[in-house]
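# A structural walkthrough
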Amino acid sequence: MDSEENAKSRTVPQSNQKRRLKEKYRRKIRKKYETLKLLKRASSNRSTLLKRHPGIGKRIEEIVRDSGVGADKWRSSGSLTWERKKVGQKITFQRLRQQLQEEYSEHISHGALVQLCVPRNSRHSSKTRYKSVANIVSKRARKGFDIKLNADEKWSNSLYKSLNILQKKDNSNATYINRDDAAGFRLDTLATSSKFRSITIRGEEDLATRTDFTNKEQNVLQVSSYFCTGSETSDDCYAGIVKCNKIDPKNAGQHFCDLQMLRSKPEFKSVFFSSEDKDKEIDFIRVDGGGDENPAHNETRFMWTKWHTDREKLATIVTTRYSGGSFLNEVEHLNGQLSRSANNLFIPSTLCGNTRDQSGEVDQDTVVANQNAARDVYIERVDKTRFKDGEIHLFKCASGPDVSEIQEQRNGLTKYLKSSNAAKRKLKETSPDELERFQYMDKILTIMDNHTVQGNKYVFRLVCCFKQDCPHPVCQSRPGDDPSSILWYPGGPSIMFFPWPVPDPDRQPEHCTTCQPSCSGHFMHLNQLVENDITADPSTYLASEQLAKVFEERRRVSDSLDDAVPDEETQVLLSTRYCISKKMVSHTMNHLCQVAKNRKRGAEKAAATRAARRNDAHE
């Protein structure tokens, strides 16, 4: 019985045998056709096209490059910004084919043109049909926020790595503030996100219709975030100053008044006052590189010196990161939390009525009332949002007679700061009514000159000089003291020491074992700088300034701007000296060369325009 069942299981059904025979027959026929090449794909004329026009690949790249109008072309170093030439239509394969047909006076198929370019998918079998003589590919534009190149990136990160240790050790006698402006909250719009949702009743979800977005005027609420970082002895504090774009100014004077207002708030008493209810004697301020808070600007320096004088500070240090590195600041986390809290929030800009009267003119009183009402709604909704282990406290920006006086005097202040000594004397003679204000400005400027120590475009430092003739209150009360007695923190190094980055000779590319083969050198750690008491010049190893000097020196002795760009060997030496990659050196030098060319071209165009106008005037 068992043997008969096994024999039946080994027997193949007749239908399966027929199927296998048919498959075998099809394979034979297919192999025969492949041998005779009867089913070969018809090839395009790209090979003969390349033989007739061997330079067509370079020509295609030139046409595509000249037709581009992306963000790179419109920057300060771009060609469109200076030449203002006609941009033309967007380039497509159809328009590219038509232009090539006109230039070469022959028919070019669409497939032949596409196969001259780079294959879109290098893993697909169709890539064998592409010649790749033109480095062209069809792709959408990218938002490259994370590829903003800056030669000072490594230098700045090394500096902040040391400052994080010095400034966050103990703030029992120091105020640490990191401020930045968050993204504006626009009225009459609704921001939503799939990651941050709102709890609502099912079937009664909030709905914004087209009629809610009818106001064409831009009304924005801007929040200035203050991240008051704690240390090993205190906790963090968070604040936001809400401003209206059509009411409140955004400048160094307004930031000064906002800081004074925060100082008076009980929630931030531990930030500005010591345990003895006295003003803390040292300030560590970290800001963004914007025009209203950059420590390299005269108005910003004046206002920080005024704060340094009014609050009787021993030292005030204001720092900013390199351009493109503000995302590394801690306050950016606070900005993100504010944006998340305002998610799904809709605030109309006409809470107090229409802003236009019957004649169609804008009623400024209604605009002010609407924005103030919208700000109240925003604060009520977002105030006391949880962040880390604390809450974000929102306030209206500072206002009052003192704030108005500072804003009214701002134009005169900026003019006075830019004036020469002779121009300042003339202002005093022609405006005797404002002599007292000019004398106060001179007092602040004198303190700035006496207290400013080594700095550059990223660092502004004020340290008491303790000179008898200095008008600063602390210097007058403690004449003859040694500035070196001021410490970063109790038991720490002197405030006169500053951790300027210095290359580490033991971790140069030839000695580095951690990041080979792409190593470009490293800077010293803070403990090495403190133990060896190394204090370098602020700009000695600042790559952006040093590379600019090298380019200018080569430019003076070169016949053309292209010759001012160093060769490969020199670029390697510069990369090792300033601890940056060779690619960064090449990018910076080419950028400087392009900017010089654009300025030269712009000067020639302006001279030609002036000559043409003179000729028209004579005629």
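Conventions and cut-offs
Residues numbered from 1 in each chain as written. Predicted model: local features only at pLDDT ≥ 70, side-chain atom pairs only at ≥ 80, totals over all residues. Heavy atoms only, no water. Patch = residues over 30% accessible without salt bridge, like charges linked within 9 Å, V, L, I, M, F, W, Y side chains within 5 Å. Areas by Shrake-Rupley, 256 points an atom, 1.4 Å probe, with all protein chains shown as cover. Salt bridge = Lys/Arg side-chain N within 4 Å of Asp/Glu carboxyl O. Lys, Arg positive; Asp, Glu negative; His and termini not counted. Charge placed at Lys NZ, Arg CZ, Asp CG, Glu CD. Helix = DSSP H or I, 4+ residues; strand = E, 2+ residues; numbered from the N terminus. Buried < 20%, exposed > 50% of the residue type's maximum accessible area, 1.4 Å probe, protein only. 1 Å grid on protein atoms, 1.4 Å probe; cavity = no way out; pocket = protein on both sides within 12 Å on 5 of 7 lines; lining within 4 Å. Points joined across faces, edges and corners; volume = space filled by probe spheres on them. Nonpolar A, V, L, I, M, F, W, Y, C, P; charged D, E, K, R; others polar. Arc of directions from axis to C-beta. Contact = heavy atoms within 4.5 Å. Phe/Tyr/Trp six-rings, centres within 6.5 Å; stacked < 30°, edge-to-face > 60°. Lys NZ or Arg CZ within 6 Å of the ring centre and 35° of its normal.

Taken together, the side chains of Lys 24, Arg 27, Lys 28 and Arg 30 present a region of like positive charge at the surface. Tracing the backbone through its elements, the reader meets Lys 28 in helix H2 (residues 14-36). Looking at Lys 28, the relative accessible area reads 54%, which means it is exposed.

In the structure shown here, the tally under the stated rule is 25 salt bridges. Residue Arg 59 pairs with Glu 62 through a salt bridge whose shortest N-O separation is 3.2 Å. Of this pair, Arg 59 and Glu 62 both sit in helix H4 (residues 56-67), three residues apart, roughly one helical turn. Judged by its relative accessible area of 23%, Arg 59 is partly exposed.

Let us look at empty space enclosed by the protein. All told, the structure shown has one cavity of 30 Å³ or more when counted by the stated rule. Within this model, the largest cavity holds a volume of roughly 150 Å³. Taken together, 13 residues form the lining of the largest cavity, with Arg 179, Ala 252, His 255, Phe 256 and Trp 304 sitting closest to its centre. Elements with a minimum of two residues in the lining of the largest cavity: helix H10 (252-263) and helix H12 (298-310). Of the residues belonging to the lining of the largest cavity, the class tally is eight nonpolar, two polar and three charged.

The set of residues buried in helix H16 (residues 410-418) consists of Leu 413, Tyr 416 and Leu 417. Projected down its long axis, H16 shows its buried positions confined to an angular sector of 100 degrees, all on one face. Exposed side chains of H16 directed beyond 90 degrees from the buried face belong to Asn 411, Lys 415 and Lys 418. The inward-facing, buried residues of H16 contact H12, helix H17 (421-430) and helix H18 (435-451).

Summed over all chains, the structure comprises 13 aromatic pairs. When the ring of Phe 185 is compared with that of Tyr 378, the centres are 5.3 Å apart and the planes differ by 50 degrees; the resulting orientation is tilted. Residue Phe 185 is located in strand E2 (residues 185-186), and its partner Tyr 378 is located in helix H14 (residues 364-382); the two are separated by 193 residues in the primary sequence. Residue classification places Phe 185 among the buried residues on the basis of a relative accessible area of 10%. Taken together through their ring pairs, the aromatic side chains of Trp 155, Phe 284, Tyr 458, Trp 488, Phe 498 and Trp 500 make up a single cluster. The positively charged end of Arg 311 is found above the aromatic ring belonging to Trp 307, 5.7 Å away from the centroid. The side chain of Arg 321 reaches across the aromatic face of Tyr 160, ending 4.0 Å from its centre.

Its location among the elements puts Ser 419 in the loop between H16 and H17. Residue class for Ser 419 comes out buried when judged on its relative accessible area of 17%. Dropping the residues within four chain positions of it, Ser 419 is found in contact with Lys 424 and Leu 427.

As a further point, take the side chain of Asn 294. Looking at the element boundaries, Asn 294 is found in the loop between strand E5 (282-287) and H12. Beyond its immediate chain neighbours, meaning those up to four positions away, Asn 294 contacts Asp 288, Gly 289, Thr 300 and Lys 457.

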